[in-house]
Amino acid sequence: MSHELQDLLHNNRRWADETEAREPGFFSRLLKQQTPQYLWIGCADSRVPANELVDLLPGELFVHRNVANVVVHSDLNCLSVMQFAVDQLKVQHIIIVGHSNCGGVMAALQDKRVGLVDNWLRHVQDVRNAHQDWLDGIAEDKRVNALCELNVLEQARNACHTTVVQDAWARGQGVAVHGWVYGLHNGLLKDLSITAASADEVHPAYRRALSALKQRYA
Ligand SMILES: [Zn+2]
């Protein structure tokens, strides 16, 4: 095995030993159950590691990541994660997390051909196209981050419209959808205030968050 991979296994052993020393019985307790309160749907980018950013331990955060944190109604992978998180784990919060300077969003914005992922990023281009006039009016150096934030709003709204969330709300289950953006430059998460905890709240929350976003970039 290469030295690099041996380093990873060595790091892992040290981490497991330190974790167990700090909290004896940590792993045997986790073996019995996981009871995370949060589902994180974020970008696959290595600079946005979900648990670390919010300082949560194994067992505390259910995570789904893909390129550009997209929630598509026909993506069985994302929907399966959402359904398990909502129906079985009964998470109370679903957080769609985008990040500044997202490579996927940048490629979508600039029609860059990267490869297979171009097809996936069509979903982000749909977002771009729906708001093309507004984006055209934004200074070029700010346009990528404007689309990163806009994409979070659209994907959060998509999450609200999934059968998983709609059904949970219909049966009175308490689950809220949120949209956040992470700043690669400062390590800080920002709430984009699109929080919705019932079907009635989705449209007003989206309108409010969109107008706040437009003001920030005006
Ligand atoms: Zn990204």
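These numbers come from a predicted model, not from an experiment.

Caption draft 1: Region of interest: the packing of aromatic side chains. Scanning all chains against the criterion turns up four aromatic pairs. Centroid distance Trp-15 to Phe-27: 5.7 Å. Interplanar angle 70 degrees. Geometry classified as edge-to-face. Placement of Trp-15 in helix H1 (residues 3-22) and of Phe-27 in helix H2 (residues 26-32) is noted, with a sequence separation of twelve residues between them. A relative accessible area of 40% places Trp-15 in the partly exposed class. Given the relative accessible area of 31%, Phe-27 is considered partly exposed. Note on Phe-26 and Phe-27: the rings are 5.1 Å apart at their centroids and 90 degrees apart in plane angle, and the pair reads as edge-to-face. Residue Phe-26 is classed as buried on the basis of its relative accessible area, which comes to 6%. In textbook terms, an aromatic cluster arises when at least three aromatic residues are bridged by ring pairs, as seen for Trp-15, Phe-26 and Phe-27.

Caption draft 2: Summary view of the coordination of the zinc ion. Every protein donor of the zinc ion is accounted for by Cys-43 (SG), His-99 (NE2) and Cys-102 (SG), and the metal-donor separations fall at 2.0 to 2.3 Å. Each donor residue of the zinc ion lies on one chain, and together they are spaced C-x55-H-x2-C. Placement of Cys-43 in strand E1 (residues 38-43) and of His-99 in strand E3 (residues 93-99) is noted, with a sequence separation of 56 residues between them. Taken as a pair, Cys-43 and His-99 share a single burial class, namely buried.

Caption draft 3: Structural context of the pairing of strand E4 (residues 176-182). Most of E4 is tucked away: six of the seven residues are buried. Sheet analysis places E3 next to E4, joined by seven bridges and oriented parallel. Following the sheet pairing, Ile-94 is matched in E4 by Val-177. Taken together, the three bridges between E4 and strand E5 (residues 189-191) define a ladder with antiparallel strand orientation. Bridge pairing in E5 links Tyr-182 to Leu-189. Between E4 and E5, which pair antiparallel and follow one another directly, the connecting turn spans six residues, one of which, Gly-187, has a positive phi of 75 degrees.

Reading the values: the criteria
- Residues numbered from 1 in each chain as written.
- Predicted model: local features only at pLDDT ≥ 70, side-chain atom pairs only at ≥ 80, totals over all residues.
- Heavy atoms only, no water.
- Phe/Tyr/Trp six-rings, centres within 6.5 Å; stacked < 30°, edge-to-face > 60°.
- Helix = DSSP H or I, 4+ residues; strand = E, 2+ residues; numbered from the N terminus.
- Buried < 20%, exposed > 50% of the residue type's maximum accessible area, 1.4 Å probe, protein only.
- Donors = N, O, S within 2.8 Å, 3.2 Å for Na, K, Ca; no water.
- Pairing = 2+ DSSP bridges.

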